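# Tertiary structure, described
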Amino acid sequence: MATKLFDLTGKVAIVTGGNGGIGLGMARGLAQAGAAVAIVGRNEAKSADAVAELTQGGAKAIAVPTDVTDKAAVAAMAERVVRELGRIDILVNNAGINIRKPPHVLDIAEWNSVIQTNLTSAFLCSQAVYPAMKAAGGGKIINIGSMMSIFGASFTPAYAASKGGIVQFTRSCACAWAADNIQANAVLPGWIDTDLTKRARHEIDGLHERVLARTPAARWGAIDDFAGVAVFLASPASDFLTGTAIPVDGGYSVMG
């Protein structure tokens, strides 16, 4: 019984931004649980490396180069996944960027770029996979938020707006698609050791020390810390869980 709760054999997952960071950590977990994985991203070399790693581990995986802010490209991506892997059961909306500037300095083009990449892409991908999930009798959507879904910061106006929006968009999908047996949940990563946060540590003085001081687990997260939550939210174990936002942050968000 326990193994079937978390068994993804025969399921097909799409992971946007799945060629590195948290997306790759989730893709690894989904593949290890038995899912076939479509790695969606713009960097074709990184995607090829991710697919090679997953297939060497025994999983079925493909790379689908896609601009996730382009509706036609996203529609073509969903069609290709169905054509090559047979169905779509799981979508992880993980693609994201950040531009660290205070609100009075941020340019409109920079604002639009962050909102489109982080939030509009989740809408486009979710909308694109909905018919396939409905046809399959259900599905799982996992949207990647952030601590900035909860907190404010002077240097992340567009990023925080996009990640707050991710939580509310998740709740809308949960309500709209429950009748189709589609569960939508968000994951809110804390400070995780990725390429994105390596840049932050260079750009924000004292960040490393402040993160360690505030995190009860007393460490930065690793991308493999996201394998388990991905499997849980993608599997039958979470069939009665929808519309939630789960921090995966070593306790950062509950530290007083």
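Just so we're clear, the structure is a prediction, and the values are computed from it rather than from any experiment.

A count of helices and strands for the protein gives 9 helices and 7 strands. In terms of overall dimensions, the protein is globule-like: its C-alpha atoms have a radius of gyration of 17 Å, near the 18 Å expected for 256 residues. Sequence-distant contacts, at least 24 apart, represent 73% of the contacts inside the protein between residues at least 6 apart. Of the roughly 11300 Å² of accessible surface on the protein, 56% is carried by carbon and sulfur atoms. Once the 22 positive and 21 negative side-chain charges of the protein are each reduced to a mean point, those two points are 4 Å apart.

Considering all chains together, one arrives at 4 aromatic pairs under this definition. With centroids separated by 6.2 Å and ring planes inclined at 70°, the aromatic side chains of Phe 151 and Tyr 252 adopt a geometry described as edge-to-face. Placement of the pair is Phe 151 in the loop between β5 (139-144) and α6 (157-177) and Tyr 252 in the segment after β7 (245-248), with a sequence separation of 101 residues. Phe 151 gets classed as partly exposed once you look at its relative accessible area, which sits at 25%. Taking the relative accessible area as the measure of exposure, Tyr 252 reaches 13% and is therefore buried. Judged by centre distance (5.7 Å) and plane angle (65°), the ring pair of Trp 191 and Trp 220 falls under edge-to-face.

Read from one edge to the other, the open sheet built from 7 strands follows the order β3-β2-β1-β4-β5-β6-β7, with strand pairing classed as parallel. What marks the edges here is a single partner per strand, and that holds for β3 (61-65) and β7. Here the average twist between neighbouring strands, direction ignored, is 20°. In this sheet, β5 lies alongside strand β4 (residues 90-93) in parallel orientation, the contact comprising 4 bridges. Residue Asn 93 lies in a different strand from β5, and its bridge partner there is Asn 143. On the sheet, helix α3 (residues 44-56) packs against β2 (36-41) and β3 and is oriented at approximately 170° with respect to β3.

With that out of the way, let us pick up the nonpolar core. By size, the foremost hydrophobic cluster in this structure holds 32 residues, and its most contacted members are Met 26, Leu 30 and Val 187. Those elements that provide at least two residues to this core are β1 (12-16), α2 (21-32), β2, α3, β4, β5 and α9 (227-234). The element best represented in this core is α2, accounting for 6 residues. The next biggest cluster of nonpolar side chains, apart from the first, holds 30 residues, and it includes Ile 14, Val 74, Leu 91 and Ile 182.

What counts, and where the lines are drawn
- Residues numbered from 1 in each chain as written.
- Predicted model: local features only at pLDDT ≥ 70, side-chain atom pairs only at ≥ 80, totals over all residues.
- Heavy atoms only, no water.
- Helix = DSSP H or I, 4+ residues; strand = E, 2+ residues; numbered from the N terminus.
- Rg over C-alpha atoms; globule rule 2.2 N^0.38 Å.
- Contact = heavy atoms within 4.5 Å.
- Areas by Shrake-Rupley, 256 points an atom, 1.4 Å probe, with all protein chains shown as cover.
- Lys, Arg positive; Asp, Glu negative; His and termini not counted.
- Charge placed at Lys NZ, Arg CZ, Asp CG, Glu CD.
- Phe/Tyr/Trp six-rings, centres within 6.5 Å; stacked < 30°, edge-to-face > 60°.
- Buried < 20%, exposed > 50% of the residue type's maximum accessible area, 1.4 Å probe, protein only.
- Pairing = 2+ DSSP bridges.
- Axes fitted to C-alpha atoms, helices over the stretch in contact; angles between N-to-C directions.
- Core = buried A, V, L, I, M, F, W, Y, C linked by side-chain atoms within 4.5 Å.

As far as function goes, none of this settles anything; it's purely spatial.
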